[in-house]
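Here is what each chain is made of, one letter per residue.
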Amino acid sequence: MIDTLVRKLVLPLPFPQVQHVNTYLVGKKDCILIDTGLRDSYNQLIQYLQENNISHLDGIYLTHGHVDHFGAATK
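Nothing here was measured: the structure is a model prediction, and the numbers come from that model.

Moving on, we get to a nonpolar patch on the surface. Nonpolar side chains collect at one region of the surface, where F15, V18 and V67 lie side by side and expose about 220 Å² of accessible area between them. On the basis of relative accessibility, which here comes to 41%, the residue V67 falls in the partly exposed class.

Before going further, it helps to spend a moment on the pairing of strand β1 (residues 6-12). Residues of β1 alternate between two faces, with R7, L9 and L11 buried on one and V6, K8, V10 and P12 left unburied on the opposite face. Here β1 runs beside strand β2 (residues 20-26); their pairing, made up of seven bridges, is antiparallel. Residue pairing for β2: V10 is matched across the bridge by N22.

Glancing now at the side chain of T36. Residue position: T36 is located in the loop between β3 (31-34) and α1 (42-51). A polar contact is formed between the side chain of T36 and the backbone nitrogen of A73, at a distance of 3.3 Å. Other than its neighbours up to four places away in sequence, T36 contacts L11, T23, L45, I60, L62, H69, F70, G71, A72 and A73.

Among the structural elements, Y48 can be located in helix α1. Since its relative accessible area comes to 22%, Y48 is described here as partly exposed. Sequence separation of Y48 and L9 is 39 residues, and the distance between their C-alpha atoms is 8.6 Å. Setting aside its immediate chain neighbours within four residues, Y48 contacts R7, L9 and L25.

Rules used throughout
Residues numbered from 1 in each chain as written. Predicted model: local features only at pLDDT ≥ 70, side-chain atom pairs only at ≥ 80, totals over all residues. Heavy atoms only, no water. Patch = residues over 30% accessible without salt bridge, like charges linked within 9 Å, V, L, I, M, F, W, Y side chains within 5 Å. Areas by Shrake-Rupley, 256 points an atom, 1.4 Å probe, with all protein chains shown as cover. Salt bridge = Lys/Arg side-chain N within 4 Å of Asp/Glu carboxyl O. Buried < 20%, exposed > 50% of the residue type's maximum accessible area, 1.4 Å probe, protein only. Helix = DSSP H or I, 4+ residues; strand = E, 2+ residues; numbered from the N terminus. Pairing = 2+ DSSP bridges. Polar contact = N/O pair within 3.5 Å; in protein donor to acceptor, adjacent residues only side chain to side chain. Contact = heavy atoms within 4.5 Å.

Given below as structure tokens:
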């Protein structure tokens, strides 16, 4: 049996047309991150990881080339 946890993080965006982006953490101990949000979302993402004792990501997967999905990956 596969025991996987999927957590959805809703990160704010500064755009009037789209106000948030969904990112996902998959896994319990060994986690991957799907999408990162904007660079402006980086601190909020890091805070969530720290609060949930996630100090290592096994990978970051980007679903497509919109900046609100990959922007924080550049930090």
